[in-house]
Amino acid sequence: MSATANATVAQDHHGHDDHGHHHKETFITKYIFSQDHKMIGKQFLITGLVMGTIGILMSILFRIQLAWPEEASWVFELFLGDKYATDGVMNPDAYLALVTIHGTIMVFFVLTAGLSGTFSNLLIPLQIGARDMASGFMNMLSYWIFFLSSVIMLSSLFVESGPASAGWTIYPPLSALPEAIPGSGTGMTLWLVSMALFIAQSLMGSLNYIVTVINLRTEGMSMTRLPLTIWALFVTAIIGVVSFPVLLSAALMLIMDRSFGTSFFLSDIYIKGEVLAHQGGSPVLFEHLFWFLGHPEVYIVLLPALGITSEVIATNSRKPIFGYRAMVASILAIAFLSTIVWGHHMFVSGMNPFLGSVFTFTTLLIAIPSAVKSFNYITTLWKGNLQMNPGMLFSIGLVSTFITGGLTGIILGDSTLDINVHDTYFVIAHFHLVMGISALYGLFAGVYHWFPKMFGRMLNKNLGYVHFWVTAVGAYGVFFPMHFIGMAGLPRRYYTNTNFPYFDDLADVNVIITIFAIITALVQLVFIYNFIHSIFFGKKATQNPWNATTLEWTTPVEHIHGNWPGKIPSVYRWSYDYSKLNKDETDYVIAGQDFIPQNVPLQKNEEELNH
Amino acid sequence: MTVFLIIVVIALLGVTFWQMSKILKLSKTGHEDSTQVANDNDNKNQGYLMLGFVVFLYIFMIYSFWAWGDFYLPEPASAHGVDYDRLMFISIGLIMTVQVITQFLLYFFAYKYKGAKGQRALFYADNDKLEFIWTIIPVIVLAGLIIYGLFTWSDIMNVEEDEDTLVVEIYAYQFGWKARYSGDDNTLGKANVRFIEGTNIVGIDKSDSYAKDDKVTTELHLPVDRPVLFKFRSQDVLHSAYFPFFRAQMNVVPGMITQFSFTPTITSEEMRNSEFMVEKVNELNQIRKERSKELVANGDVALDPYEFEYYLLCNKICGISHFNMQMKIVVEEEEDFNSWIAEQESFGETLKKEEEQKVSSNN
Ligand code: HEM
Ligand SMILES: [Cu+2]
Ligand SMILES: [Cu+2]
């Protein structure tokens, strides 16, 4: 078996005891151009959190405009300046720019790189028992390209004609023609360059994760013994490799249409008094290419969060995850189906109605594995001994928002019903709950759970509780009412609704939403404070604070290069032996200890189970 | 409404401050039990909060339906809209049932099984029967929904064009709409953006004989109870023609003609006088009056009182004024429609007029 063979090689290479110190690390190689997966994970996390802060701040700015349309505010003056907020009133182009960059940042920079980048890097080697990623250098490169891509995206905020403002979906012709909207000038160019780099880093990362999971598992770590986090991160990487290149090709074609006069997506356009030479292209083609990534992207964002949740819920319930095999099967089913449902974003795009039927069918199919996952989470809680650590709260919160948001997917996935709610606030409500908030909860759950592993200290739990409860109330407060204004036919991406008197009675709801949003955003400061404070002054962590079974908790608290000081542990069991009883059912298998780490061999008094 | 709002805000802020002060006290380093791992006390408190949260969630959902349920659009003004609404209400009923049950189980279990010293969790890893049950139930329910949905979908999308069908082109541009009626021949003349010139703003091909009787208008008038086939064309970027009251929407794509068909069933007049709309418009005007008071106090002009009209709006981001790209729709009796359309100038007439003007200005 090549997997074990490779693992042995890696082991031999690092096999001697003093390996952590055999080359002197400078500040630069340790903290900046680090090739250590744990450091790279932290770099992804911190960059993601910085981007997240910016993205959420943007959402607060445009929410203020929606609640108090066209009213002047010092907030706008402060953050937007006179150019984008003339006399303190937000301009329509600023609104569209904010919405666009908010969406882009949240989806790609926070919840793709910040979530999957962080936890793939941190957890894959630690949980499968590897010294590091297959290629530490490529891993480092991946982070720095991500960093560069973030810098470029942010720098686009400062160009003269403004950042990209055609929506995060950048449909041409709007995104292709600076004549159509100012943001489609330099701002759009920077957006495309930034995203091309982003895709490059994502591919490097993903290939690395895939190779590492396939080749570097420690002895005994068969695929069916992998923790669900690894399954989720592994499959996420595969989806990324399959779908991101398609977005790259779409971006390249768009660049060519913009700069080199090709007509992939453009045809018959008359703008600013002139007919353009472009002929024969189709914007619908772009939509297909975009959503061929765009829908899988939802699962690229979600699966890591679900994987984290599986781990955190099982550990804190002191119970095995219910239906491990069904969980793996649903991850695989979701991954497969996610690549054939993209058309549900295009029911009314002018695509052939028969295709719409097909995509309705596949879309509603994907609801089945999602439902199975939710039921399995709930059953895992049943008859547990729930340890209410902050990570656990966020995991329960995730299941809750995943259900609420997933259910409205049944409406949007039905081509008939989509006709009248497509592109309304109903959609905003749906995807924020099912993808935005759920994945964000997954991110928080992961941070609370693995903070001790990352920084060797504990996050303050009481601040964690405040953070969770205010966020939980706030998130429903922001997004649940949006279903109703969506059902009233209120379109998204509208700078103000005041031009339609019919929407006047929605104004109060918009105020409520914004107030919830401001409170929710403010309470994130509690988290930021907790995060920074705990890195330096948090309570020192013990080696295995949550009494978990997985391998990362067998490494020393102090990070060392290569993860384990001695030999890499071998694995003898799956990762969910919580509260397993001995044969006579008199006590746990290990008396007085309700968990059996994966590196503990099968005991005499225990029955071997096939999961 | 405002009261509710203030209560929510105060309550939330209160809880926050209370918790914060407590926490700052607790988070002082060097406190007794500060492993930062949840202890029995935390488990208990958080368990109760879980129960509290599901109560909050239920109340909030009920409040939302009660206070905002009537935001749902008025009865559909198109023939297929009735099927649409029926499917929508069935779906909402279904998902709310599932929502209520699953959220309850989730939070109730979180409360019921909150950890305590000495409590033993049940090692329960698998149960094929259970998993089969909750795979098969969604399969059956979703199969039902899919089949129902797909029948409705093909009914709506399969356009049967006959003698009686009125063909109308909806033309989108940054930032407005035009309608083009096909005239007596019920056939739209050829058109392309390359023909745009002067008053020929939608680019009709002058040489096409079907074009002469076409009529371009800024309002969309539709005869009641007659099927309409819309052909959509855009001159610049993507737009989306959204007719919320008719449960209809179709993207408008440059370089391509898209279509949608529906039969309006309720005239503007009838809709205006419907119980729902009378009440709604009253309420809206109340709100507008309040707001006008503020405006006038600030030296601005007051808002006009609102009278209901159907409208078409743009629902695909299309540029700076995307938020104000609308067209009035009037659904009326056949004879009213006929007299309105007769008053509109045909493309042939426009051309002739222009010709004459040119001749007279040359003189
Ligand atoms: C405090 C938190 C947040 C608030 C208040 C918020 C609010 C909003 C609102 C109101 C819109 C619609 C604007 C419009 O269409 O005119 C929007 C768009 C969007 N948001 Fe958020 N959001 C938040 C967090 C997130 C998160 C966590 C994600 C991650 C997935 C996210 C992703 C998006 C995306 C993709 C869009 C669409 C952008 C577009 O239309 O191009 N948001 N957000
Ligand atoms: Cu999708
Ligand atoms: Cu438009």
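Residues numbered from 1 in each chain as written. Chains lettered and ligands numbered in written order. Predicted model: local features only at pLDDT ≥ 70, side-chain atom pairs only at ≥ 80, totals over all residues. Heavy atoms only, no water.

All names here are of chain B. Together, Leu 94, Phe 132, Ile 133, Ile 136, Ile 137, Val 139, Ile 140 and Val 141 line one region of the surface with nonpolar side chains, adding up to about 650 Å² of accessible area. Here the element with the most residues in the nonpolar patch is helix H4 (residues 128-157); it accounts for 7 residues. By the element assignment, Phe 132 lies in helix H4. Taking relative accessible area as the criterion, Phe 132 reaches 54% and is therefore assigned exposed. (Patch = residues over 30% accessible without salt bridge, like charges linked within 9 Å, V, L, I, M, F, W, Y side chains within 5 Å. Areas by Shrake-Rupley, 256 points an atom, 1.4 Å probe, with all protein chains shown as cover. Salt bridge = Lys/Arg side-chain N within 4 Å of Asp/Glu carboxyl O. Helix = DSSP H or I, 4+ residues; strand = E, 2+ residues; numbered from the N terminus. Buried < 20%, exposed > 50% of the residue type's maximum accessible area, 1.4 Å probe, protein only.)

Think of a sheet as strands paired side by side through backbone hydrogen bonds, with each pair either parallel or antiparallel. Residue and element names in this part refer to chain B. Reading across the sheet, the 5 strands line up as E4-E10-E9-E6-E7 and stay open at both edges, with mixed pairing between neighbours. Single-partner strands in this sheet number two, and they are strand E4 (220-223) and strand E7 (248-252). Each strand axis lies, on average, 20 degrees off the axis of its neighbour in the sheet, ignoring direction. Pairing between strand E6 (residues 239-243) and strand E9 (residues 310-314): 2 bridges, direction antiparallel. Pairing of Tyr 242 across the sheet is with Leu 313, part of E9. The sheet contacts of helix H7 (residues 334-343) involve E4 and strand E10 (326-332), and relative to E4 the element is tilted by about 140 degrees. (Pairing = 2+ DSSP bridges. Axes fitted to C-alpha atoms, helices over the stretch in contact; angles between N-to-C directions. Contact = heavy atoms within 4.5 Å.)

Attention shifts here to the packing of helix H15 (residues 461-487) of chain A against helix H2 (residues 40-68) of chain B. Look at H15 of chain A against H2 of chain B: their axes get within 10 Å of each other, and the N-to-C directions meet at 15 degrees. Viewed along their axes, H15 of chain A and H2 of chain B adopt a mutual orientation that is roughly parallel. Considering only the axes of H15 of chain A and H2 of chain B, their crossing is right-handed. Between H15 of chain A and H2 of chain B, the contacting residues are Lys 461, Tyr 465, Trp 469, Ala 472, Val 473, Tyr 476, Gly 477, Phe 480, Pro 481 and Phe 484 of chain A on the first element and Asp 42, Gln 46, Leu 49, Met 50, Phe 53, Phe 56, Leu 57, Phe 60, Met 61, Ser 64, Phe 65 and Trp 68 of chain B on the second. In terms of residue class, the contact of H15 of chain A with H2 of chain B is made up of 17 nonpolar, 3 polar and 2 charged. (Parallel < 35°, antiparallel > 145°, perpendicular 65-115°, else oblique. Left-handed = near helix turned anticlockwise from the far one by under 90°. Nonpolar A, V, L, I, M, F, W, Y, C, P; charged D, E, K, R; others polar.)

The interface is formed by 130 residues belonging to chain B together with 145 residues belonging to chain A. Across the interface of chain B and chain A, roughly 12,200 Å² is buried in total on both sides, 70% from carbon and sulfur atoms. When the buried surface of chain B facing chain A is broken down by residue, Phe 123, Trp 153 and Phe 323 of chain B rank first, second and third, together holding 7% of it. Among the salt bridges present, the one from Asp 42 of chain B reaches Lys 461 of chain A, with a minimum N-O distance of 2.6 Å. Here chain B and chain A share 43 residue pairs in polar contact (both at pLDDT 80 or more) between them. Across the side of chain B that touches chain A, the residue classes tally to 80 nonpolar, 36 polar and 14 charged. (Buried area = accessible area lost by both parts, 1.4 Å probe. Polar contact = N/O pair within 3.5 Å; in protein donor to acceptor, adjacent residues only side chain to side chain.)

Moving on, we get to a negative patch on the surface. Taken together, the side chains of Asp 155, Glu 160, Glu 161, Asp 162 and Glu 163 of chain B define an acidic patch exposed on the protein surface. Along the chain, Glu 161 of chain B turns up in the loop between H4 and strand E1 (166-173). (Lys, Arg positive; Asp, Glu negative; His and termini not counted. Charge placed at Lys NZ, Arg CZ, Asp CG, Glu CD.)

All names here are of chain B. With 7 of 8 residues buried, E1 is to be regarded as a mostly interior element. Across 7 bridges, the pairing between E1 and strand E5 (residues 228-234) is parallel. Across the sheet, residue Ala 172 finds its bridge partner in E5, namely Ser 234. Two elements, E1 and strand E2 (residues 176-181), share 6 bridges in a ladder whose sense is antiparallel. By the bridge assignment for E2, Glu 169 is matched with Arg 180. Two successive antiparallel strands, E1 and E2, enclose a turn made up of 2 residues.

Residue and element names in this part refer to chain A. Neighbouring ligand 1 are 24 residues, the closest being Tyr 95, His 102, Trp 168, His 432 and Arg 493. Within the backbone of Trp 168, an N or O atom sits 2.7 Å from an oxygen atom of ligand 1. Interatomic distance of 3.4 Å between a side-chain N/O atom of Tyr 425 and an oxygen atom of ligand 1. Of all elements in the fold, only helix H3 (37-67), helix H5 (92-128), helix H14 (425-455) and H15 reach the threshold of two or more residues within the shell around ligand 1. Per element, the largest residue contribution to the shell around ligand 1 is 7 residues, and it comes from H5. Residues that form the shell around ligand 1 fall into these classes: 15 nonpolar, 6 polar and 3 charged. (Near = heavy atom within 4 Å.)

Looking now at the environment of Ile 329 of chain B. Residue and element names in this part refer to chain B. Relative to the helices and strands, Ile 329 is located in strand E10. Of the residues examined, Ile 329 reaches a relative accessible area of 0% and is grouped as buried. Excluding anything up to four places from it in sequence, Ile 329 contacts Leu 220, Leu 222, Phe 243, Phe 246, Ser 268, Glu 309, Tyr 310, Tyr 311 and Leu 312.

The subject of this paragraph is the UniProt feature "domain: Cytochrome oxidase subunit II copper A binding" (unreviewed entry) in chain B. Annotation from UniProt places "domain: Cytochrome oxidase subunit II copper A binding" (unreviewed entry) at residues 163-343 of chain B. What you have in residues 163-343 of chain B is 22% helix and 30% strand, and the ends, taken at the C-alpha atoms, are 23 Å apart. (UniProt positions renumbered as here; feature names shortened; annotations may be inferred.)

In the UniProt entry, the feature "domain: Cytochrome oxidase subunit II transmembrane region profile" (unreviewed entry) is given for residues 65-160 of chain B. Split by type, residues 65-160 of chain B is 71% helix and 0% strand. Its first and last C-alpha atoms lie 38 Å apart.

To continue, consider the coordination of the iron atom of ligand 1. All names here are of chain A. On the protein side, the iron atom of ligand 1 has His 102 (NE2) and His 432 (NE2) as donor atoms, found 2.0 to 2.1 Å from it. Geometry at the iron atom of ligand 1 is octahedral, judged from its 6 donor atoms and the angles of 85 to 178 degrees they form at the metal. Taken as a pair, His 102 in helix H5 and His 432 in helix H14 lie far apart in primary sequence, 330 residues in all. (Donors = N, O, S within 2.8 Å, 3.2 Å for Na, K, Ca; no water. Tetrahedral: all angles 85-135°; square planar, octahedral: opposite > 155°, others 65-115°.)

What follows concerns empty space enclosed by the protein. Residue and element names in this part refer to chain A. According to the stated counting rule, one finds 5 cavities of 30 Å³ or more in the structure shown. Estimates place the volume of the largest cavity at around 140 Å³. Forming the boundary of the largest cavity are 16 residues, of which Thr 112, Ser 116, Ser 202, Ser 206 and Tyr 209 lie nearest the centre. Contributing elements (two or more residues each) for the lining of the largest cavity: H5, helix H7 (186-215) and helix H8 (228-259). Looking at side-chain class alone, the lining of the largest cavity contains 6 nonpolar, 10 polar and no charged residues. (1 Å grid on protein atoms, 1.4 Å probe; cavity = no way out; pocket = protein on both sides within 12 Å on 5 of 7 lines; lining within 4 Å. Points joined across faces, edges and corners; volume = space filled by probe spheres on them.)

Turning our eyes to something else, we now look at the side chain of Lys 373 of chain A. With respect to the helices and strands, the residue Lys 373 of chain A is situated in helix H11 (residues 353-381). Despite its burial, Lys 373 of chain A pairs with no opposite charge; the closest candidate is Glu 131 of chain B, at 10 Å N-O. Each residue touching Lys 373 of chain A, except ones within four places of it in the same chain, is listed here: Leu 306, Met 327, Ser 330, Ile 331 and Ile 334 of chain A.

Further remarks concern the coordination of the copper ion (ligand 2). Residue and element names in this part refer to chain A. Every protein donor of the copper ion (ligand 2) is accounted for by His 295 (ND1), His 344 (NE2) and His 345 (NE2), and the metal-donor separations fall at 1.6 to 2.0 Å. Positions of the donor residues of the copper ion (ligand 2), expressed as sequence spacing, correspond to H-x48-H-H. Pair noted here: His 295 is in helix H9 (residues 283-317) and His 344 is in the loop between helix H10 (324-338) and H11, with a separation of 49 residues, a long-range link. The pair His 295 / His 344 is uniform in exposure class, with both members buried.

Residue and element names in this part refer to chain B. Read across the open sheet, the 5 strands follow the order E3-E2-E1-E5-E8; overall the sheet is mixed. Pairing within the sheet leaves two strands with one partner each, and these edge strands are strand E3 (215-217) and strand E8 (258-262). Averaged over neighbouring strand pairs, the angle between their axes works out to 25 degrees when direction is ignored. Sheet topology note: the E5/E8 ladder contains 5 bridges and is antiparallel. Looking across to E8, one finds that Leu 229 is bridged to Ser 261.

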